[in-house]
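Here's the letter readout for the chains.
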Amino acid sequence: MNTRIYHSGLPITPENRAYLERPRVHRLLEDALRSPLVTVSAGAGYGKTQAVYSFLQRYGAVTTWIQLSERDNLGARFWENFARTIMMYDKHFAERLLDVGFPETEDQFMNYLSIPEDEIPFNEKNVIVFDDFHLIENKSVLRFISRSVRSPFPNLTTVMISRAEPDVNIVGMLSKGLVVGVSEDDLRFTEEETARYFQLLGVPLTAQSLSNIYNDTSGWAFAISLIGLSLKKAPSQEREARAAMKLNIFKMIEDDVFLVASEKLRRFLIRLSLIDHLSTDLIPILAEDQSLVDEMNKISAFIRYDIYTQAYLIHHLFLDYLRQKQNILTEEEKRDTYLKAARWCDANDYKMDAVSYYEKAGEYEPIIDIVYHFPLQIPMNSAKFILDVYERGPRSLLEGIARYHIQHTRLLLSLGRYAEAAAEISERIQKYSALPRSDFNCQVLCGAYEALAFASDLEAPRTDRYDLDLALAKADEYYRLSPYPQFGAVTSISMDAWVSKVGTVRGGAMEEYIAVLERAIPHMENVLNGCMAGTDDLAKAELQFYKGRLELAEKFIAHALYKSEARKQYEVRNRALFYLLRVGTAQGNYERIQEIFRQLEAQLEFPDYLPRFTTFEIVSGWYYTMIGQDQNVAAWIKGNFAQGALGFFNASFGNAVRARYYYLSRRYDELLAFIESEQNLSGVLFGRLEMKVLEAVCRYQTKQRDAALTALGEAYDLALSNELTMPFIELGKDMRALTAAAARDKDCPIPRPWLETVGRKAATYAKRLAIVASEYKRANNISDDIQLSSRELDILNDLYQGISRSQIAANRRLPVNTVKMTQNSIYTKLGADNPADVIRVALSRNLIRDTL
């Protein structure tokens with residue numbers, strides 16, 4: 001196997017033969033790497049990094065080397081660092097990681113673990129190294145690494161290199177002998193290894209000199225290395241070298257490295273200590289002089305070029321020394337360094353680092369450009385980081401940038417600080433409306449009305465007020481007076497589980513909201529260059545689907561797909577395909593479903609659709625749950641509910657599908673507990689109805705008949721004014737049983753015609769769903785041993801012989817209704833929809849006893 005090391009950057013000491021000739025340490029590491037977790041803990045300068053790195057060069061494993069820094073205490077930055085390093089050898093897997101996002105919550109961590117095995121590049125021996133682990137204090141990052149180690153992928157060993165014992169929960173692994181620790185004592189040079197080191201350097205030493213050096217250094221690798229460098233220059237001055245090492249280790253760096261460099265190189269090295277990214281693409285940009293880079297390359301003792309990562313690596317103690325010199329630099333030198341590093345990070349998708357460097361350079365407009373391309377709902381940890389940057393920034397400068405105003409409000413909304421956002425919007429509109437009209441004032445007012453529209457839409461389920469269009473019309477009015485620069489279509493808008501934001505059962509509210517969307521979308525498309533195109537048609541399709549008017553729903557879905565594709569609105573397209581998938585399932589049309597999946601999978605090829613993998617797994621999770629193929633459902637969907645998220649963006653979308661999975665997996669108690677805790681938090685009518693219907697069938701399945709009928713009545717009340725039936729119908733045979741029970745109850749207030757209609761349609765849905773499930777198994781060569789009872793086999797044989805239902809009842813002395821129910825059971829089990837189909841399937845499976 002060829003050794004490959006992929007490194008995120010930074011401090012590795014220079015490779016030298018002395019480290020490669022330490023068989024004792026290499027044997028120790030070779031044994032250690034048979035365990036899932038290896039901790040390498042020692043103080044600075046003990047050669048932790050070099051020992052691991054030199055060993056891995058000859059070990060024969062794919063190594064991902066994550067060089068941590070204090071910046072990685074921000075979850076989003078850590079995740080970018082992690083994913084971008086993996087991208088060096090597996091772009092697809094890295095994109096999956098970026099799509100999943102930093103797993104702060106239990107739900108997100110299960111999403112991370114659920115990445116299909118065939119997409120994980122760990123099919124050969126892999127090692128992930130977290131270097132400088134002691135710099136990480138953020139609990140979320142520590143929790144992620146700790147849980148990842150306890151849930152290891154196959155063929156994977158994690159190595160933590162740290163100056164202190166890693167602050168992770170590995171007690172359980174320690175008790176099982178799954179952790180191997182490499183300590184400071186293990187890494188100390190023995191006297192024999194010290195002698196071998198100086199022999200390899202070509203420095204002759206007497207036994208006494210060697211003993212003196214060993215006693216003074218106690219086997220400390222860095223000190224031994226520095227003494228070796230001094231003795232190569234002056235072999236006879238062993239005593240002086242030891243004294244200098246004892247006096248000031250940094251002074252040795254200064255004498256042997258820093259002061260021998262040119263003044264220009266010294267200042268350049270100090271500039272490099274300001275930043276974390278030392279890519280070979282960035283170094284020439286910073287140097288502006290190739291001769292300076294050539295001179296730097298000669299300092300091989302502390303700086304070297306790594307061919308695997310195409311980056312320069314600086315020993316961390318040398319970095320510490322350089323950082324103490326940063327006060328030498330002028331403010332202009334610092335600003336120039338930060339600005340160039342920021343632009344490089346921005347161009348190479350290290351967005352959080354770019355924001356940090358831009359802030360240090362005092363450049364805020366580029367930060368605002370970066371945030372512009374974030375989803376409208378900004379991830380919480382990123383929102384907090386950027387809001388802190390804005391709060392630290394010069395208020396007068398920021399308030400002079402028009403787009404800052406809307407971004408500040410977006411950040412507050414993304415953090416759930418609605419009252420502050422509302423007050424800010426109101427104050428801004430009042431202030432700038434009173435000022436004389438100017439380009440700047442118009443741009444601020446455009447942004448304020450955009451934010452007002454966004455906030456109003458979020459609050460609509462609670463307020464029953466739908467004025468999104470009025471706010472966007474005002475935004476468009478000011479936009480036309482002084483437009484923002486456009487940066488292309490906004491493609492990363494996040495959508496709720498449902499398009500409609502209607503929370504009331506009031507008749508006509510749905511149509512009112514759709515009309516508002518129709519008026520609002522043109523304004524939004526203009527102000528945000530195509531954002532939300534097709535959403536109005538999608539809302540129409542959604543309503544018709546919930547009404548059970550599938551053909552009409554298809555018509556609006558087609559419009560939504562066309563408009564969203566034209567303006568690259570991937571999330572709108574995803575939801576449209578989801579409703580089309582539900583239509584195809586209700587029709588029992590397996591061929592159509594296959595085509596829908598081809599279109600869904602095509603969305604995975606668009607990297608600017610950030611949550612593409614997550615939304616695909618949610619949609620496919622619904623389908624696989626419905627057809628009984630839950631082994632294909634992503635593990636994170638099978639996990640715990642995302643608390644407090646129902647009715648809010650992709651978390652609510654995932655919860656809606658997870659609820660269906662819990663029900664069909666018969667996890668009734670857990671589902672009921674979720675519904676009871678969350679039902680008042682979901683303001684959207686469709687969401688409340690879905691949960692109430694699930695509650696009704698859950699209670700019926702758990703023998704809570706009266707409670708089930710009560711919940712069914714409440715669901716009927718929610719659905720009545722808008723004639724919503726599909727949530728009932730999609731529960732198939734279970735809803736058929738519940739409506740039949742309700743129809744037999746003389747005290748049930750639900751009209752019998754409604755119960756009979758819904759029950760009949762639910763039974764038809766169940767048959768067609770069974771057809772889809774059967775076709776899926778056949779297409780994927782999944783064996784399905786169908787078990788028919790003796791009565792079902794008898795009646796199936798009678799049907800094959802052409803005997804009518806009434807005659808079967810008479811011959812076998814059974815009630816006609818019993819024969820009918822048995823026949824329906826046969827249809828469901830065989831995935832058939834009519835007598836001819838049931839005979840065809842039965843013959844193909846040798847279920848018919850041919851007595852003719």
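None of these values were measured; they are calculated from a predicted model. (Residues numbered from 1 in each chain as written. Predicted model: local features only at pLDDT ≥ 70, side-chain atom pairs only at ≥ 80, totals over all residues. Heavy atoms only, no water.)

A. Local environment of the overall build of the chain. Looking only at helices and strands, the chain has 45 helices and 8 strands in total. By the burial criterion, 59% of the 852 residues in the chain qualify as buried. Intrachain contacts of the chain at a sequence separation of at least 6 include 72% that bridge at least 24 residues. Total accessible area on the chain is roughly 35,200 Å²; 49% of this is exposed by carbon and sulfur atoms. (Helix = DSSP H or I, 4+ residues; strand = E, 2+ residues; numbered from the N terminus. Buried < 20%, exposed > 50% of the residue type's maximum accessible area, 1.4 Å probe, protein only. Contact = heavy atoms within 4.5 Å. Areas by Shrake-Rupley, 256 points an atom, 1.4 Å probe, with all protein chains shown as cover.)

B. Examining the pattern of salt bridges more closely. If you walk through the whole model with that rule in mind, you get 63 salt bridges. The shortest N-O distance in the salt bridge between Arg71 and Asp276 comes to 3.1 Å. With Arg71 in the loop between strand E3 (62–67) and helix H4 (75–86) and Asp276 in the loop between helix H15 (263–272) and helix H16 (282–287), this pair connects stretches of sequence that are 205 residues apart. With respect to burial, Arg71 and Asp276 carry one shared label: buried. If you follow the salt bridges from partner to partner, you end up with Arg71, Asp72, Arg77, Asp276 and Asp353 in one network. (Salt bridge = Lys/Arg side-chain N within 4 Å of Asp/Glu carboxyl O.)

C. Looking closely at the confidence of the model for the chain. For the chain, per-residue confidence averages 85 on the pLDDT scale, and 89% of positions sit at 70 or higher. Considering only residues more than four positions removed or in separate chains, one finds that residues 9–20, a stretch of pLDDT under 50, has 52 contacts. Contacts of residues 644–648 to residues separated by more than four positions or lying in other chains number 20 contacts, the stretch itself having pLDDT below 50. (pLDDT = per-residue confidence, 0-100.)

D. Fine view of the packing of aromatic side chains. Under the defined criterion, the tally for this structure stands at 43 aromatic pairs. Seen in terms of ring centroids, Phe55 and Tyr59 are 5.0 Å apart; in terms of plane orientation they differ by 35°. Their pairing is tilted. Linking Phe55 with Tyr59, this pair stays in helix H3 (residues 48–59), spanning 4 residues, or about one helical turn. The exposure class of Tyr59 is partly exposed, given its relative accessible area of 24%. Relative to Tyr197, the ring of Phe189 has its centre 6.2 Å away and its plane inclined at 75°; by these criteria the two rings are edge-to-face. Assessed through its relative accessible area of 3%, Phe189 is described here as buried. Of note, Arg266 hangs over the ring of Phe258, and the distance from its end group to the ring centre comes to 5.7 Å. The side chain of Arg667 reaches across the aromatic face of Tyr662, ending 3.9 Å from its centre. (Phe/Tyr/Trp six-rings, centres within 6.5 Å; stacked < 30°, edge-to-face > 60°. Lys NZ or Arg CZ within 6 Å of the ring centre and 35° of its normal.)

E. Just the side chain of Lys692, in detail. Turning to its location among the elements, Lys692 is positioned in helix H37 (residues 685–701). Among the polar contacts listed, one links the side chain of Lys692 to the side chain of Glu714, at a separation of 2.8 Å. (Polar contact = N/O pair within 3.5 Å; in protein donor to acceptor, adjacent residues only side chain to side chain.)

F. A look at the packing of helix H24 (residues 402–414) against helix H25 (residues 418–433). Put simply, H24 and H25 touch, their axes get as near as 8 Å, and they point 160° apart. In this view, H24 runs roughly antiparallel relative to H25, as classed from their interaxial angle. Judged by the twist between their axes, the crossing of H24 over H25 is left-handed. Contact residues: His405, Ile406, His408, Thr409, Leu412 and Leu413 in H24; Tyr418, Glu420, Ala421, Glu424, Ile425, Arg428 and Tyr432 in H25. When the residues that make up the contact of H24 with H25 are grouped by side-chain class, the tally is 7 nonpolar, 3 polar and 3 charged. (Axes fitted to C-alpha atoms, helices over the stretch in contact; angles between N-to-C directions. Parallel < 35°, antiparallel > 145°, perpendicular 65-115°, else oblique. Left-handed = near helix turned anticlockwise from the far one by under 90°. Nonpolar A, V, L, I, M, F, W, Y, C, P; charged D, E, K, R; others polar.)

G. Looking closely at a positive patch on the surface. Taken together, the side chains of Arg736, Arg744, Arg805 and Lys820 present a region of like positive charge at the surface. Looking at the secondary structure, you find Arg736 in helix H40 (residues 732–744). For Arg736, a relative accessible area of 36% puts it in the partly exposed group. (Patch = residues over 30% accessible without salt bridge, like charges linked within 9 Å, V, L, I, M, F, W, Y side chains within 5 Å. Lys, Arg positive; Asp, Glu negative; His and termini not counted. Charge placed at Lys NZ, Arg CZ, Asp CG, Glu CD.)

H. The arrangement of the nonpolar core in detail. Of all hydrophobic cores here, the largest spans 201 residues; its most connected members are Tyr623, Leu671, Phe728 and Met735. Counting residues per element, this core draws most heavily on helix H26 (residues 439–463), at 11 residues. Setting aside residues no more than four positions away along its own chain, Met735 makes contact with Val693, Val697, Leu712, Phe728, Val758 and Ala762. (Core = buried A, V, L, I, M, F, W, Y, C linked by side-chain atoms within 4.5 Å.)

I. Examining helix H30 (residues 550–566) more closely. Here H30 is 17 residues long and its end C-alpha atoms lie 24 Å apart, about the 24 Å a rise of 1.5 Å per residue gives. Along H30, the residues that are buried comprise Leu550, Ala553, Glu554, Phe556, Ile557, Ala560, Leu561 and Ser564. The secondary structure elements touched by the buried residues of H30 are helix H29 (535–546), helix H31 (570–587), helix H32 (590–602) and helix H39 (726–729). One or two steps after H30, the chain reaches Lys568, where phi turns positive at roughly 55°. (Expected span 1.5 Å × (residues − 1).)

J. Spatial organisation of the pairing of strand E5 (residues 156–162). E5 sits mainly inside the fold: 7 of its 7 residues count as buried. Residues of E5 alternate between two faces, with Leu156, Thr158, Met160 and Ser162 on one and Thr157, Val159 and Ile161 on the opposite face, all of them buried. With 5 bridges connecting them, strand E2 (residues 37–41) and E5 associate as parallel partners. Across the sheet, residue Ser41 finds its bridge partner in E5, namely Ser162. In terms of strand pairing, strand E4 (residues 126–131) meets E5 through 5 bridges, oriented parallel. If you follow Ile128 over to E5, its bridge partner there is Thr158. (Pairing = 2+ DSSP bridges.)

K. Summary view of unusual backbone geometry. The phi dihedral of Asp132 is positive, around 60°, even though this residue is not glycine. Here Asp132 shows up in the loop between E4 and helix H7 (139–150). Given the relative accessible area of 7%, Asp132 is considered buried. Although it is not a glycine, Arg666 adopts a positive phi angle of roughly 65°. If you trace the backbone, Arg666 turns up in the loop between helix H35 (649–664) and helix H36 (668–678).

L. Geometry of the environment of Ala635. Checked against the element boundaries, Ala635 lands in helix H34 (residues 635–638). When the C-alpha positions of Ala635 and Tyr112 are compared, they lie 8.9 Å apart, and in sequence the two are 523 residues distant.

M. Up close: the pairing of E2. Where burial is concerned, most of E2 is hidden: 5 out of the 5 residues are buried. Here E2 shows two buried faces, one formed by Leu37, Thr39 and Ser41 and the other by Val38 and Val40. With 4 bridges connecting them, E2 and strand E6 (residues 179–182) associate as parallel partners. Residue pairing in the sheet places Val38 in a bridge with Val180 of E6.

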